[in-house]
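Residues per chain are reported as follows:
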Amino acid sequence: MDRMIGFPPGEASRVMLANWQDPPSVRWAFRHMRELIPSQTIPAGPTPAADLPQGEQVDLAAITVERLSGATTSVEDVLDETSTDAVILMHDGVLLNEHYYAGSTDLTPHLVMSVSKSIVGCVAGILAGRGELDVAAPVEQYVPEVADSGYGQATVRDLLDMRTGVQFRETYDAPDAEVRVMERSMGWRPRLDGDPVGAYAYLASLDRAGPHGGTFTYRSADTDMLGWVCERAADNRMADLVATLLWQPMGAERDAEITCDSVGTGVHDGGISAIPRDLARFGQMLLDEGRVGGREIVPASWLADSWDRPDDVRAAFAASGNEAVLPGGWYRNQFWFVPKPRGTALVCLGIHGQMVYVNRETGLVAVKVSSWPAPQDTSSLVDTLRAFGAVGAALAERGEASTSGSRGRRRRGRRSRSLTTPRAARTLEA
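Conventions and cut-offs
- Residues numbered from 1 in each chain as written.
- Predicted model: local features only at pLDDT ≥ 70, side-chain atom pairs only at ≥ 80, totals over all residues.
- Heavy atoms only, no water.
- Core = buried A, V, L, I, M, F, W, Y, C linked by side-chain atoms within 4.5 Å.
- Buried < 20%, exposed > 50% of the residue type's maximum accessible area, 1.4 Å probe, protein only.
- Contact = heavy atoms within 4.5 Å.
- Helix = DSSP H or I, 4+ residues; strand = E, 2+ residues; numbered from the N terminus.
- pLDDT = per-residue confidence, 0-100.
- Pairing = 2+ DSSP bridges.
- Axes fitted to C-alpha atoms, helices over the stretch in contact; angles between N-to-C directions.
- Phe/Tyr/Trp six-rings, centres within 6.5 Å; stacked < 30°, edge-to-face > 60°.
- Parallel < 35°, antiparallel > 145°, perpendicular 65-115°, else oblique.
- Nonpolar A, V, L, I, M, F, W, Y, C, P; charged D, E, K, R; others polar.
- Salt bridge = Lys/Arg side-chain N within 4 Å of Asp/Glu carboxyl O.

Caption draft 1: Spatial organisation of the nonpolar core. Counting 136 residues, the largest nonpolar core has W20, M225, W247 and L286 as the members making the most contacts within it. Setting aside residues no more than four positions away along its own chain, L286 makes contact with C122, L303, F335, L346, C348 and V358.

Structure, rendered in structure tokens:
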């Protein structure tokens, strides 16, 4: 990387609050968030990390995928051509491929952007399962401060499925869009005169554009509001909720981090940084119905409700602009769902190419963290989804052939038991 060169770094290579999301700076910034923006630690805890049993590596150059452009290339080509920083593939609970690019290693934390939303959604699910959060309740029951804002009379369920009627544009290339004003308020960009101080002050200032409970509209503000609700319901900040409810119970290997604003509020919609191996553990937990080592972390009923969505959730997605890119999909409990030729994939997505991919039918968990130059890139997104779909199908077919030819071999869909190993990280390929 050609950023932050020298001591102190020269002006030409310097990464700052004003330019960290711009193309020359993205790769360096996404690996060094705590050096740019105040961050709170999400401790992994003192217990041994959950094991990632290692299996035989898959030849990604031998698996083909039809790209959005119409060209047919290998999965390896897709990864090489989409600004990948790290990729991990697991099948039936066994780690097969672990690759790092452009100087990244297994110890390198990476900003996961809106994959953070799915993590916060799991925190909400755990609280709901404990009876501490009522998803049918109005938002103002937990946060009276927003009763007179656009969030007044919205329910927690509206937040979870991004079906509020709040006025909020997620238009990354428009400086005056609400998402950019929110970033300035939360300290992700230099603040301008008149901007609210802190994310929560900004949320309380939003107006309503339409009825709650309508069409799905992707709004990062809804997740920040959900995080605020969770903090009030549990009387604890998000960094500690993620640590105690999710990160430590699932057996994370390394501490994660979450950026915070000037008043100490975590950026729930996209501020978490973590190592890819822990994202793989998170994905495997989702595949295993919320369980790790026989212990339920996220309620299975919460995940079942996400997969088996009500008809109105599908209709709300179909009426949105997202249907053209992800036909047949839906959004539920802060997860995306994408139908594939072999099973529907649960997907956690973040701009600039962050992804956790989970397919119950093929038994595949895939993690990709990236540094796309632009926040959104339809070709790179679709090509990555197709690549992981192709890998899952190839592995499932290989497993089926192995099962039919050899008695006693592990069947597709059977999960490996959870083991423990020292927290020391391992590098398979750098």
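Additional details are given in the paragraphs that follow.
Caption draft 2: Geometry of helix α8 (residues 238-247). Summarising burial for α8: eight of the 10 residues are buried, a large majority. For α8, every residue scored as buried is listed here: M238, A239, L241, V242, A243, L245, L246 and W247. Residues of α8 that are buried in the fold lie against β1 (39-42), α3 (115-129), α7 (220-234), β8 (256-259), β9 (272-274) and α9 (276-287).

Caption draft 3: Quick look at the confidence of the model for the chain. Of all residues in the chain, 93% have pLDDT values of 70 or greater, and the mean over the chain is 93. Counting interchain partners and residues more than four positions distant, the pLDDT-below-50 stretch residues 406-430 has 65 contacts.

Caption draft 4: Expanded view of the sheet that holds strand β6 (residues 94-100). If you trace the seven strands from one edge of the open sheet to the other, you get β6-β5-β16-β15-β14-β13-β12, paired in antiparallel fashion. Two strands close off the open sheet at either side, each with one partner strand: β6 and β12 (330-332). Adjacent strand axes in the sheet meet at a mean angle of 20° when their direction is disregarded. Here three bridges tie β12 to strand β13 (residues 335-339), and the two strands are oriented antiparallel to one another. Of the residues in β13, the one forming a bridge with W330 is F337. Most of the contacts of α9 go to strand β16 (residues 364-370), to which it runs at about 145°, and overall it touches β5 (84-91), β6, β13, β14 (344-350), β15 (354-359) and β16.

Caption draft 5: Focus on the packing of aromatic side chains. Applying the stated rule across the entire model yields 14 aromatic pairs. A centroid spacing of 4.1 Å and a plane angle of 5° characterise the contact between Y200 and W228, whose relative ring orientation is stacked. Of the two residues, Y200 is situated in helix α6 (residues 199-203) and W228 in helix α7; the sequence distance between them amounts to 28 residues. W228 matches Y200 in its accessibility class, with the two residues each being buried. Geometrically, the ring pair formed by W330 and F337 is stacked, given 5.1 Å between the ring centres and 10° between the ring planes. When its relative accessible area of 8% is taken as the criterion, W330 is described as buried.

Caption draft 6: Region of the structure containing the sheet that holds β1. The antiparallel open sheet is built from four strands, whose spatial order is β1-β8-β9-β7. Single-partner strands in this sheet number two, and they are β1 and β7 (110-111). Both β8 and β9 contribute to a ladder of two bridges, which runs antiparallel. Bridge pairing in β9 links I258 to I272.

Caption draft 7: How the structure looks around the packing of α3 against α8. Where α3 meets α8, the closest approach of the two axes is 10 Å, and the angle between their N-to-C directions is 70°. In this view, α3 runs roughly perpendicular relative to α8, as classed from their interaxial angle. Residues I119, V120, C122, V123, I126 and L127 of α3 form the contact with α8, whose own contacting residues are M238, L241, V242, L245, L246 and W247. Broken down by class, the residue content of the contact of α3 with α8 amounts to 12 nonpolar, no polar and no charged.

Caption draft 8: View of the pairing of β16. Most of β16 is tucked away, with seven of its seven residues classed as buried. Residues L364, A366, K368 and S370 line one face of β16 and the alternating positions V365, V367 and V369 line the opposite face, and both faces are buried. Pairing analysis gives seven bridges linking β5 to β16, with the strands arranged antiparallel. Paired with V87 across the two strands is K368, which belongs to β16.

Caption draft 9: Molecular detail of the pattern of salt bridges. Counted by the stated rule, this structure contains 27 salt bridges. Among the ionic pairs, R163 bridges to D312, the shortest N-O distance being 2.8 Å. With R163 in the loop between α4 (156-160) and α5 (178-185) and D312 in helix α11 (residues 311-318), the pair connects residues that are 149 residues apart, well separated along the chain. Judged by relative accessible area, which is 10%, R163 ranks as buried. Look at the salt bridges and you will find they share partners, linking E98, E253, R277, D278 and R281 into a network.

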